[in-house]
Amino acid sequence: MESWLVVVSILFPIICSLLFLLLRSPVIRNSIVIAASAVLILTSLGFAYFFGQASIDLHDILGIELNEIVAVLDFALLAYIIYVGIRLHSRIITILALAQLIPLAYFELTYREALQRSGALFHLDGLSIIMVLIISIIGSLIAVFSIGYMKKHEEHLKLEKSRQPVFFFVIFLFLGAMNGLVLADNLLWMFFFWEVTTLCSFLLIAHDKTEESIKNAKRALWINLLGGVGFLAGIILIFGKTGGVLVSGLLEGNNVPSELVLLPVAFLCFAAFTKSAQLPFQSWLLGAMVAPTPVSALLHSSTMVKAGVYLVVRFSPVLAGTHLGFMVALAGAFTFAVTSAIAISQSNAKRVLAYSTIANLGLIIACAGIGSPVAVGAAILLIIFHAVSKGLMFLCVGTIEQEIGSRDIEDMDGIMKKMPFTATVAAIGAISMLLPPFGVLVSKWLAIEAAVRMPVVLILIVIGSAFTLVFWTKWIGKLLAVNYIKKIPREKLHPTVRSTLGILLVIVLAASMGIVFLFNFFVSPQFAGITEERIMGGRGLLEIAGDGVIGSFAYFPIFIVLGALALSIPFILRKVSPEKVRQPYFCGENCEIEGNIGFRAEADTETPSAFRNYYLRWAFSEETLGFWASMISAILIIVLFVVSI
Amino acid sequence: MGIINKSRVKSPWVVHFDCGSCNACDIEILACLTPIYDVERFGIVNVGNPKHADVLVVSGAVNNRNKRVLKNVYDQMPDPKAVVAVGACAATGGVFKECYNVLEGVDKVIPVDVYVPGCCPKPEAIIDGIIKAVEKMNQRIDSEKKEKKE
Amino acid sequence: MIQTLIIVILIIIAAPIIGGILSGIDRIITARMQNRVGPPILQPFYDFFKLIGKENIIVNRFQMLYVLGYLVLMITSLVLFVLKQDLLMIIFIMAFGGVSLILGGLSVQSPYSRIGSHREILQMLAYEPVLIFMVVGIYLQTGSFTVQSVFDMNQPLIYSLPLIFIALLYVLTIKLRKSPFDFSTSHHGHQELVKGMLTEFSGPQLALVELAHWYELVLILGFIVLFWATNIYIGIAIALASFVLEMFIDNISARMTWKWMIWVTWSLGIGLCIANIALLY
């Protein structure tokens, strides 16, 4: 059963994506998108239902040498990237692709037989199933959201010929590849899917074909290719040292001492750092924000960039307790603190989200580097909660942007009046990124408890959390700002947009409420591979199981309190009559300008009231922090390699 | 309602609005805050915001230019509220009464509860005026309630 | 179970009474320091009931929600504290309460209230790390994040965490919004921001904010008690002494700028915490 699920979850989206290229009718395409999304969600739920640790060997099922096929496809893919590099006159892309193609060809041809003997090709466990659930559920919802979004987007661009077939082709190709990436057990397969996601990311960033988007897409491509080179180096080294390319063999076969594979794992971590846009590779993710918003939501926050952290979390048993693990944790925590600080200085909503994404990925990597059960648990929980909340936030920003024509946070002042639904959803999404008892904060809480034995990492995490509070709070403040309105209007949204926002909101809330279930069901089984003496601090976690009590913190009462508060909203709103409304205090010079609040300035001119948020650019801007942060993180990465030799 | 009425008398928060007085009354009002008079004994606090205030203390001769501001400040105070006009100018326009731009007293713009006469009044008188205004406010609330019942 | 319930109800009733009386004492002592007589000790309660009885005027409909959020979350964190739960989570919930009030201040389109709220955000930026480091220091001593573990210790925390205690006292001034850090909601009449974050809260809303402040005060003093938890009476005495010290600082210092606050808190406050944590290793 599991093997069929694996086949469906990888091949089905790819087949759908080919259909989009063939069938050009919008109606058929949209219905296929919705149907395919439903199938994908059901498949992923099937994984959850048949959950269990399992290794699946598809070798025999299809009767074809799958390893060979993947190798051929890999060469084709790299050849295409070289073609792209030549066509775009980008020498660095060509060189980096060649730097992958030549060693790969040498490696595959030299060790052909040994590679073909490698056994189980797919491996299922809590982590990969969680990733499949995220990719399939969030990814499908975002694909459905794109129906409404891309329609309006193309109307706005005034395209003569719709480019949606290509868009949905790449999106579904990506979903298939991403499922393959997290399910694959063979590192070479993983590498293939890794490169496919890189290419998808390139195509989607360049989708609007403006000068800026092509430039940013090129940068994203070469940075990710650089990571690909590191990945390949890691694979070859692992093969050289252990004679195998299976992840499960590496982690569970206790015959391999972890000291032996530290260097290759360091290379894999390097690849993960580029994919997850950790400092100093953050620039490509920020550039990727020119892509249509569903792309940012899908690839550049909730799924593709998670591939990097997935890799680090996957190898966390190797990292735990080593110097390499400490350096990885340090680099991740450093990224978390610095990018959270830079996010304070940003007023572009998508850039804030991008920085926050990088920061959270850094936190996940920090947890994975610590490697204790609590830390890995925190990392996996963060992957889940960050994916749902950040996906939701991006979709909200996209919806707002299409309505008001700006993605600047300052322009979102009073958005409640125009778009109450989206603004409320966005505010709840932002709160779920920030405050208890939502999942992100609970995982951050676990992270702090886990980092307590690594003071340097801990300090960075604590400082980063404080910065996080600043930029989220002032943004939520803008979203919720409103002066008195008699009747809350109902905004017009495309049905797919409204429904996906609603469903994602429900998922955000449900996931946070079900954190104990998620933990016990998916995360705890993950710890079998971690040996006893490497556990560094596991107090809070031991109490996490059981009757809804995490640590010693009663979880559900907080939800009851918040629920009661939410229930009081209609009562509060109803109780207030229009006669009680007063304008804000302006020293008695207040006035009303077309329903907005203003004041009389000199010579009695009526001036609208305006207030810009604090951005503290003198301290936290990219210019002041960016260079030094990149330098320090580059040094950290060099040290990371040095300690792993 | 007993405890709330009692609390009102015990905690009148004051916002001071100066309609262009000669500053003599203002100095006397501020003198109330000093250790000699110490209005905080009566729970009187000088707040800078009409939204927090119970008593509006007005000094100076209100004129056509600032009556709008006075009205706005008064409107922004939550009920129940009281107004104390401090000094001759606030009560009638005082020596400026005949001026082309001066209105004849604060009560032309907003309802006044207590007039504290003098040019300028003593701090004791001002404190007395504020307390009287609050008591008057309470009486007004009680009588309004009785009317409602009937 | 029933015992827990009784404790919860008791603390919900007792905390505001304690907090109100403490702020009454605060006002009297402040007055005495200024050579004045000062209000009666029950003055905060008179203010509270008066405000409850006032008209509920609004700028937008949602203000009451934020105030209730602030109040309810403060009560929740205090209850969790009294039930000796996880300290880190208590601090996070307290922060949620603070954020709720800030959002209330930001939700009205008034520059006074918004600048005040932004200053409050910066205050949180300043004190939040110190509070978390305090919890980490406690963890390193007790091996647990729960309040319970502090009470199980043999020797007072202050012996091993003296520097963190000083940092906490410093942060207390910010948290209680006292001079030199009273710039988000000044307690003096006339200032450039009117009443900062609280400008647009009036009547019952302001009363509830005041009530939440009392819960907050009790909770913060509770943190200080933790430092001498082996004998709770000594702990309470230390907490009261720190409170008097805060009044003293309040009266002798002028207001500083928020840049100064962040600079000093992050260098001195966090520096003290890190030094103390380093000493424990």
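Treat the numbers as computed from the prediction; the structure is a model and nothing was measured.

K.L.:
I tried to follow helix H2 (residues 26-49) of chain A on my own but got confused; where do I start?
P.N.:
The α-helix winds at 3.6 residues per turn, so residues separated by three or four positions along the chain end up facing the same way. All names here are of chain A. If you check H2, its first and last C-alpha atoms are 34 Å apart, about what 24 residues at 1.5 Å a residue would give, namely 34 Å. Of the positions making up H2, those classed as buried are Arg29, Val33, Ala36, Ser37, Leu40, Thr43, Ser44 and Phe47. Buried residues along H2 sit against helix H1 (2-22), helix H6 (126-157) and helix H7 (164-183).

K.L.:
Where do I start with the interface of chain C and chain A in this structure?
P.N.:
Interface size is often expressed as the accessible area that is lost when the parts come together. With 53 residues of chain C at the interface, the matching set in chain A holds 48 residues. For the side of chain C that touches chain A, the elements supplying multiple residues, two or more each, are helix H3 (63-82), helix H4 (87-107), helix H5 (111-142) and helix H11 (258-280) of chain C. Among the elements that line the side of chain C that touches chain A, the one with the most residues is H5(C), at 14 residues. Residue composition of the side of chain C that touches chain A, by class: 34 nonpolar, 13 polar and six charged.

K.L.:
What is the right way to look at the packing of helix H3 (residues 66-87) of chain A against helix H4 (residues 91-110) of chain A in this model?
P.N.:
Geometrically, a packed helix pair is captured by the angle between its two axes and the distance between the axes. All names here are of chain A. One can describe the packing of H3 onto H4 by two numbers: an axis separation of 8 Å at closest approach and a directional angle of 160°. On the basis of the axis angle, H3 is roughly antiparallel to H4. In this structure, H3 meets H4 at a crossing whose hand is left-handed. Taking contact as the criterion, the partners of Ala71, Asp74, Phe75, Leu78, Ile81, Ile82, Val84, Gly85 and Ile86 in H3 are, on H4, Ile93, Thr94, Ala97, Leu98, Gln100, Leu101, Leu104, Ala105 and Glu108. Residue classes in the contact of H3 with H4 are distributed as 13 nonpolar, three polar and two charged.

K.L.:
Would you explain the interface of chain B and chain A in this entry?
P.N.:
With seven residues of chain B in contact, the opposing surface of chain A contributes five residues. Here the side of chain B that touches chain A is built from residues that sort into three nonpolar, three polar and one charged.

K.L.:
How should helix H10 (residues 232-252) of chain C be read in this particular structure?
P.N.:
Residue and element names in this part refer to chain C. In this model, H10 (21 residues) spans 30 Å end to end at C-alpha, consistent with the 30 Å of a helix rising 1.5 Å per residue. For H10, the complete set of buried residues consists of Gly235, Ala239, Ser242, Phe243, Glu246 and Asp250. Each buried residue of H10 sits inside an arc of 105° when the element is viewed along its axis, so together they form one side. Turned more than 90 degrees off the buried face of H10, the exposed positions are Tyr233, Ala241, Val244 and Ile252. Against the buried residues of H10 lie helix H1 (2-33), helix H8 (162-175) and helix H9 (204-225).

K.L.:
Looking at this structure, how should I read the sheet that holds strand E6 (residues 596-600) of chain A?
P.N.:
Strands pair in a sheet through their backbones, by hydrogen bonds, and they do so in one of two ways: parallel or antiparallel. Residue and element names in this part refer to chain A. Strand order in the open sheet made by the three strands is E5-E6-E7, with antiparallel pairing throughout. In this open sheet, the two strands that pair with only one neighbour each are strand E5 (590-593) and strand E7 (606-608). Within this sheet the neighbouring strands show an average axis-to-axis angle of 45°, counted without direction. When E5 meets E6, the two strands line up antiparallel, connected through four bridges. The residue of E6 that forms the bridge with isoleucine 593 is asparagine 596.

About the thresholds
- Residues numbered from 1 in each chain as written.
- Chains lettered and ligands numbered in written order.
- Predicted model: local features only at pLDDT ≥ 70, side-chain atom pairs only at ≥ 80, totals over all residues.
- Helix = DSSP H or I, 4+ residues; strand = E, 2+ residues; numbered from the N terminus.
- Expected span 1.5 Å × (residues − 1).
- Buried ≥ 20, exposed ≤ 12 C-beta atoms within 10 Å, placed from the backbone.
- Contact = placed C-beta atoms within 7 Å.
- Nonpolar A, V, L, I, M, F, W, Y, C, P; charged D, E, K, R; others polar.
- Axes fitted to C-alpha atoms, helices over the stretch in contact; angles between N-to-C directions.
- Parallel < 35°, antiparallel > 145°, perpendicular 65-115°, else oblique.
- Left-handed = near helix turned anticlockwise from the far one by under 90°.
- Arc of directions from axis to C-beta.
- Pairing = 2+ DSSP bridges.

Fair warning: the whole summary comes from geometry, so function is off the table for now.
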